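Now for the letters of each chain:
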Amino acid sequence: MHGKILCIELGSIYTKVADINVSNKAYTVDKTFVIATPPGTITDGYIKDDETLCNELFAELFKYGMNKRKVAFHIASSKIINREIVLPYVSRSKIKSLIMANAGEYFPVDLKRYRVSWKIMNSFTSEEGLKKMKVMVIAVPLDLLDCYYAFAKSLNMQVESIDYAGNSIYQLMKSANIEGTTVSVDIGERSTMISIVRGGILELQRTFGQGVYDIINSYADTNEIIDINYMSILDDLKHNERINAVLPMMSEEPDDPDDMTEDMRQKAANTETLRFFVDRVGRVIHYYTSNMGDGTINQMIITGQGAGIQNLAQLLQFELGIPNRDVSIIKSIRMSDKVASTVEKPSAGEVVAAVSLGDLAMSIGSIIDPLDLLSKKVKTNKTIKHALAISVAVFMAGLIATGTLMFLAYSRYKSAEDEQKKLEKQKASLSSIDNTIQRFDEANALYTSFIDMQTYTRNVNEDFVKIIEYFEETLPSDAVFTSLSVSSNGMSMTVEAGGWHESAEILAIMRECPAYESVTISSVSRELKDITVDDDKYLVGGILYDSLDGVDLTDADGNELEVTEVAAGETVEAYFTTFSISATYKAVGSYDWDADTEETTTGEVTE
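No experiment lies behind these values; they were computed from the predicted model shown.

Quick notes on the rules
- Each chain carries its own residue numbering, running from 1 in the direction its sequence is written.
- Two thresholds apply to this predicted model, a pLDDT of at least 70 for residue-level local features and 80 or more for giving and counting side-chain atom pairs, whereas whole-chain, interface and lining totals are computed over all residues.
- To obtain the side-chain values, all non-hydrogen atoms of the structure were used and water was disregarded.
- Here, a strand pair is defined by DSSP locating no fewer than two bridges between the strands.
- The numbering of helices and of strands both runs from the N terminus, where a helix is a DSSP run of H or I of at least 4 residues and a strand a run of E of at least 2.
- Every axis corresponds to a line fitted to the C-alpha atoms, with the helix fit spanning only the stretch in contact, and the corresponding angles, defined between N-to-C directions, vary from 0 to 180 degrees.
- Contacts are residue-level and defined by heavy atoms, with any inter-residue pair within 4.5 Å sufficient.
- Any Lys or Arg side-chain nitrogen found within 4 Å of a carboxyl oxygen on Asp or Glu counts as a salt bridge.
- Burial classes: relative accessible area under 20% of the type maximum marks a residue as buried, over 50% as exposed, and values in between as partly exposed (1.4 Å probe, protein chains only).
- An arc is given here, and it is the one of the directions from the helix axis to the C-beta atoms.
- Throughout, the term roughly parallel applies to angles under 35 degrees, roughly antiparallel to angles over 145, roughly perpendicular to angles from 65 to 115, and oblique to all others.
- Here a crossing is called left-handed whenever its near helix is offset anticlockwise from the far helix by less than a right angle, and right-handed whenever the offset is clockwise.
- Note that Gly is not counted as nonpolar here; it falls among the polar residues with everything else outside the nonpolar set of Ala, Val, Leu, Ile, Met, Phe, Trp, Tyr, Cys and Pro and the charged set of Asp, Glu, Lys and Arg.
- Expected helix span is given by 1.5 Å per residue-to-residue step, counting one fewer step than there are residues.
- Here the term patch refers to residues with relative accessible area over 30% and no salt bridge, with like charges joined within 9 Å and nonpolar side chains (Val, Leu, Ile, Met, Phe, Trp, Tyr) within 5 Å.
- For accessible areas, the Shrake-Rupley method is used with a probe of radius 1.4 Å. Any residue's cover is judged against the shown protein chains and nothing else.
- As used in this structure description, the phrase polar contact means that two N or O atoms lie within 3.5 Å; if the pair is within protein, one of them must be able to donate a hydrogen and the other to accept it, and residues adjacent in sequence are counted only when both atoms belong to side chains.
- Put simply, buried Ala, Val, Leu, Ile, Met, Phe, Trp, Tyr and Cys residues joined by side-chain atoms within 4.5 Å make one nonpolar core.
- Within 6.5 Å between ring centres, the rings of Phe, Tyr and Trp (the latter by its six-membered ring) count as paired, and their orientation is classed by plane angle as stacked under 30 degrees, edge-to-face over 60, tilted in between.
- As a reminder, the over-ring test applies to NZ of lysine and CZ of arginine, requiring each to be within 6 Å of the ring centre and within 35 degrees of the ring normal.

Regarding the sheet that holds strand β20 (residues 516-532)
Inference 1: Here 4 strands make up an open sheet; going across it, the order is β18-β19-β24-β20 and the pairing antiparallel. At either end of the open sheet lies a strand with only one pairing partner, and these are β18 (480-486) and β20. When strand polarity is set aside, the average angle formed by the axes of neighbouring strands in this sheet is 10°.
Inference 2: Note: β20 against strand β24 (residues 571-585), 15 bridges, orientation antiparallel. Bridge pairing links E527 to F576 in β24.
Inference 3: Strand contacts of helix α16 (residues 464-474): β18, β19 (490-497), β20 and β24, with the helix running at about 160° to β18, the strand carrying the most contacts.

The following block contains the structure:
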């Protein structure tokens, strides 16, 4: 991405907007503001009241001159499914097909209603020496994405990207190039995300359900605040020191209660409400240091809407023993000098003119390398008309507010009514697809049954003919099978051969048969017979040899043996060997008849 991007984070308590200028991988916040989200407009990431929320934003966007046409969102919802999976190392072009082939195992949902995207986290070599990769895979409901497409359309803006919060914070930390191991604690609206990055690689990411909403509620209970205004309380926590940098002692009471002022007691009570929060952060970090990597964490960065709460970063630093660093150590992000250095204190519905860089960390991360969550239709740039006319209409809302709102409401109603009729007509035209899907499922089930039947009925003896052909091609011509027995597990046979050398050669050749797992000799016998030789040989002690090289020409007592030269075609009395062989089959389908086999050598054979 490059140029001006409007980043919007929609929450049920507050809505953050930032105008960010992207140039050469540097991200500068030119303008920003926060408003209290109208009650009931956002629920678990879903936009429930597009019109009310849109009307709240229009005037502020115009006030700050934030009329950019490109908008980016990052979303967090319990409906989003996040998995970290390990895949064989393949080219980037093959990753998607590999994920989708096994997506049903990762996501136990109807994937027709989800958009699946992924990011490579890192590659590594397994203990078995295989190169693999760890991949973050995200499944986002299509109806959740549709909420944001519709909202952008209401704002007359073009969706540039939609990113998952977990990827946004990871991409920001990855781009930081910070030495050592860094833990990011992003304190969001209703949850806190902990990401541990080492050398640009995401080692661990965990989310637990406690955020600014819970912190404010606990603070309100402790201070007996009945009418809770979340924005006002959050602003108070950011601008005033309401908590201590150390948790109070649990087992000791002060010797003299009079030594503590009322303010000190109240701050201690406020700090105590954060004990469970600090403990949950600590448990994630302890798990990492005990089970992963070298167990060392060099620094901690606090981000999110809770980042600016006074003394919270110092409290985490003291209790967890990890040095806290300001998010400004990430050199690629900065606040423009144009952004106001002071923050207006808001009451219900009022606007915060400026927020800290830590508040906007997630928004900046969402445009660094977002997930591919846009549909093909949305990816196509659209020309959105009348943006200036609507901005002027909102600016003049103080004079003609009633007429303008009625016009906008009617226009949206007509647009929604026309869209509904169009979709109903389209749905009716596609009703026949249900029968097609049913027939496909039935055919697919039948095909699977046939494949299973073929697998279950497969037997190694189907290759019996190939085994016989293999023997005909490879065994010596004077080898004779006198008996052969076949079972489902293997073969047993009796073979006659001219002598020890021929017997050893036959055994070696049989052991090279691709279909055999093992070949063993159960018995061996030999007797003197008249044998007609097929080539010139030497007869030594009743044994025929092709050559005298390496043959021991003395008997056991050291006496010299008689050597007789036998010409081809002559008949002599020599030992004839008979041996029984048992062969065990390999598993079906685990061998290849076409594979090359190594040349067999029998080595030296002695009597």
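Some details on the sheet that holds strand β11 (residues 181-187)
Inference 1: Ordered by their spatial adjacency, 5 strands build an open sheet running β13-β12-β11-β14-β15, and the pairing between neighbours is mixed. Unpaired on one side and paired on the other, β13 (201-208) and β15 (324-325) mark the two borders of the sheet.
Inference 2: Sheet analysis places β11 next to strand β14 (residues 299-304), joined by 6 bridges and oriented parallel. Of the residues in β14, the one forming a bridge with S184 is I301.
Inference 3: Here helix α5 (residues 165-175) sits on the sheet and contacts β11, β12 (192-198), β13 and β14; the angle it forms with β12, its principal contact strand, is near 35°.
Inference 4: Packing of helix α9 (residues 275-291) onto the sheet brings it into contact with β11, β12 and β13, and relative to β13 it is tilted by some 150°.

Remarks on the pattern of salt bridges
Inference 1: Here the structure, examined in full by the defined rule, presents 14 salt bridges.
Inference 2: One salt bridge connects R190 with E189, and the closest N-O pair in it is separated by 4.0 Å.
Inference 3: R190 sits in the partly exposed class, given a relative accessible area of 42%.
Inference 4: Among the residues examined, E189 registers a relative accessible area of 12% and is labelled buried.
Inference 5: Its salt-bridge partner being E527, residue K529 comes within 3.9 Å of it at the nearest N-O pair.
Inference 6: Note on K529: relative accessible area 30%, which makes it partly exposed.

A look at helix α8 (residues 262-272)
Inference 1: Taken as a whole, α8 has its buried residues at K267, A268, N270 and T271. Here the buried residues of α8 occupy an arc of 160° about the axis, which is enough to place them on one side.
Inference 2: Each element contacted by the buried residues of α8 is listed here: α6 (212-222), α9 and α10 (312-320).

What to know about the packing of α9 against α10
Inference 1: Where α9 contacts α10, the two axes come as close as 11 Å, and the packing angle between them is 50°. Taken together, α9 and α10 sit at an angle that is classed as oblique. In terms of crossing hand, the pair formed by α9 and α10 is right-handed. Only L312, L315, L316, E319 and L320 of α10 make contact with α9, whose side of the interface consists of F277, V278, V281, G282 and I285.
Inference 2: Looking at the contact of α9 with α10 residue by residue, the class counts come to 8 nonpolar, 1 polar and 1 charged.

Side note on helix α17 (residues 500-511)
Inference 1: With 12 residues, α17 extends 17 Å from end C-alpha to end C-alpha; this agrees with the ideal 16 Å at 1.5 Å per step.
Inference 2: Against α16, β19, β20, β21 (537-540) and β24 lie the buried residues of α17.

Quick word on a nonpolar patch on the surface
Inference 1: On the surface, L430, I433 and I437 cluster together into a nonpolar patch covering about 240 Å² of accessible area.
Inference 2: Relative to the helices and strands, I437 resides in helix α15 (residues 433-457).

Brief notes about unusual backbone geometry
Inference 1: Unusually for a residue other than glycine, N177 sits at a positive phi of about 55°.
Inference 2: Of note, N177 is situated in the loop between α5 and β11.

Considering the environment of S547
Inference 1: By the element assignment, S547 lies in the loop between β22 (543-545) and β23 (563-566).
Inference 2: A relative accessible area of 33% means that S547 is categorised as partly exposed.
Inference 3: With 10 residues separating them in the primary sequence, S547 and K537 have C-alpha atoms 6.8 Å apart.
Inference 4: At 3.2 Å, the side chain of S547 forms a polar contact with the backbone nitrogen of D549.

So, the pairing of β12
Inference 1: Burial within β12 is extensive, with 6 of its 7 residues counted as buried.
Inference 2: Pairing of β11 with β12 involves 7 bridges; the strand directions are antiparallel. Bridged to D186 within β12 is M193.
Inference 3: Where β11 hands over to β12, the hairpin turn is made up of 4 residues, counted between the paired strands.
Inference 4: From the end of β12 to the start of β13, which pair antiparallel, there are 2 residues, and G199 there has a positive phi angle of about 60°.

Some words on the nonpolar core
Nonpolar side chains in soluble globular proteins tend to be buried together.
Inference 1: Among the nonpolar cores identified, the biggest contains 73 residues, and I20, L61, F73, Y148, F151 and I162 are the most heavily contacted of them.
Inference 2: When residues of this core are assigned to their parent elements, the largest contribution, 7 residues, is made by helix α4 (residues 142-154).
Inference 3: Not counting residues within four places of it along the chain, the set of residues in contact with I20 comprises G3, K4, I5, C7, Y27, T28, V29, S363, I364 and I367.
Inference 4: Of all hydrophobic cores here, the second largest spans 34 residues; its members include I233, I302, A313 and L316.

Looking at the side chain of S161
Inference 1: Summarising the element assignment, S161 is placed in strand β10 (residues 158-164).
Inference 2: Apart from the residues lying within four places of it in its own chain, the contact partners of S161 are M1, V71, A72, F73, S366, I367, P370 and L374.

Considering the packing of aromatic side chains
Inference 1: Under the criterion given, the structure shown has 10 aromatic pairs.
Inference 2: Consider the rings of Y106 and F107, whose centres lie 6.4 Å apart with planes at 85°: the pair is edge-to-face. Each member of the pair, Y106 together with F107, is buried.
Inference 3: One aromatic cluster is present, formed by Y470, F471, F481, Y516 and Y585 through successive ring pairs.
Inference 4: Across from the ring centre of Y89, 4.3 Å away, lies the NZ or CZ of K131, which sits over that ring.
Inference 5: When the ring centre of Y213 is taken as origin, the NZ or CZ atom of R190, which lies over that ring, is 3.9 Å away.

Concerning the packing of helix α1 (residues 50-63) against α4
Inference 1: Interhelical geometry of α1 versus α4 gives an angle of 45° and a closest axis separation of 10 Å. When the axes of α1 and α4 are compared, the pair comes out oblique. Relative to α4, α1 is oriented so that their crossing is right-handed. Across from D50, L53, C54, L57 and F58 in α1, the residues of α4 making contact are A150, F151 and S154.
Inference 2: Its residues assigned to classes, the contact of α1 with α4 comprises 6 nonpolar, 1 polar and 1 charged.

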